[in-house]
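# Descriptive structure summary
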Amino acid sequence: MRRKLVAGNWKMNGTRADLAEVQALTTAFPAPTVDLLICPPATLIAQMVTATQGHTLAVGGQDCHANPKGAHTGDISAPELADAGASHVILGHSERRTDHAETDAQVRAKAQAAHSAGLIALVCIGETLEQREAGQTLAVVGTQLAGSLPDTATGANTVIAYEPVWAIGTGLVPTLPQIAEVHAFIRADLAIRFGADGATFRILYGGSVKPSNAAEIFGVPDVDGALVGGASLKAADFGPIIAALSAA
Ligand code: PGA
């Protein structure tokens, strides 16, 4: 009942020349059976929307401001993302939480702004290595989930991305039982807060997903897809991950 989703997070990588990678993907997967999303740098959103017209591949932002407009130099609002053609926005990525000291409360306000603008929010949560080694993983993830999701969240307008901070861009990946434990915990937490609708939220795993490990990660219960950084930049890497999710 949950449609699988594979999302690419290009982070601060991408100029017009890289749109060729997306065109290679839409050619390779003309009618995908899973949801596809790419979140390029904001400068490429409108062009990627144009380049993928007629295809189900969705385009998203990587952050938004909590206010719809105003004197906030350098920021981008949710209505502006929507106007550029974005349908999704990543919020609370660990790099935003680290580089810009974003708090759960700020992420929650941004998610609410995204919902008001009709965007689907991909809310990221995850523990640091220190927290995992201290046995705090579930406590940290639970606190972030409770604090980062607004009451407007539903399974239709919100996707959860579990991304252990120590697995992002490092080549390190939790064991499959570790992934299963956290995803089951998030699923149960969503059911407590959102009742029956909690079962409809997609929960993605993120952190060093590669063609070589995608299939086994997608076999873990309650893993509804992936948020992929480095391996989403090239169609040669992202394609096999899409294929693995399609076959899962
Ligand atoms: P990675 O990044 O796939 O390069 O580890 C994932 C992410 O930050 O979303």
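That block above? That's the structure.
Thresholds applied
- Residues numbered from 1 in each chain as written.
- Predicted model: local features only at pLDDT ≥ 70, side-chain atom pairs only at ≥ 80, totals over all residues.
- Heavy atoms only, no water.
- Near = heavy atom within 4 Å.
- Polar contact = N/O pair within 3.5 Å; in protein donor to acceptor, adjacent residues only side chain to side chain.
- Areas by Shrake-Rupley, 256 points an atom, 1.4 Å probe, with all protein chains shown as cover.
- Nonpolar A, V, L, I, M, F, W, Y, C, P; charged D, E, K, R; others polar.
- Helix = DSSP H or I, 4+ residues; strand = E, 2+ residues; numbered from the N terminus.
- Buried < 20%, exposed > 50% of the residue type's maximum accessible area, 1.4 Å probe, protein only.
- Contact = heavy atoms within 4.5 Å.

## Remarks on the site of the ligand
What surrounds the ligand is a group of 13 residues, the closest being K11, H93, E163, G169 and S208. A distance of 2.7 Å is found between an oxygen atom of the ligand and a side-chain nitrogen or oxygen belonging to K11. Here an oxygen atom of the ligand sits 2.8 Å away from a polar atom, N or O, in the main chain of G229. In the complex, 96% of the free accessible area of the ligand, which totals 280 Å², lies under the protein chains. Looking at the shell around the ligand residue by residue, the class counts come to 4 nonpolar, 7 polar and 2 charged.

## Comments concerning the environment of A244
Within the secondary structure, A244 is located in helix α10 (residues 235-247). On the basis of relative accessible area, A244 is assigned to the buried category, the value being 16%. Residues A244 and E216 lie 28 residues apart in sequence; the distance between their C-alpha atoms is 9.0 Å. If near-sequence neighbours (up to four positions away) are discounted, A244 is found in contact with A214, A215 and F218.

Structural measurements only, silent on function.
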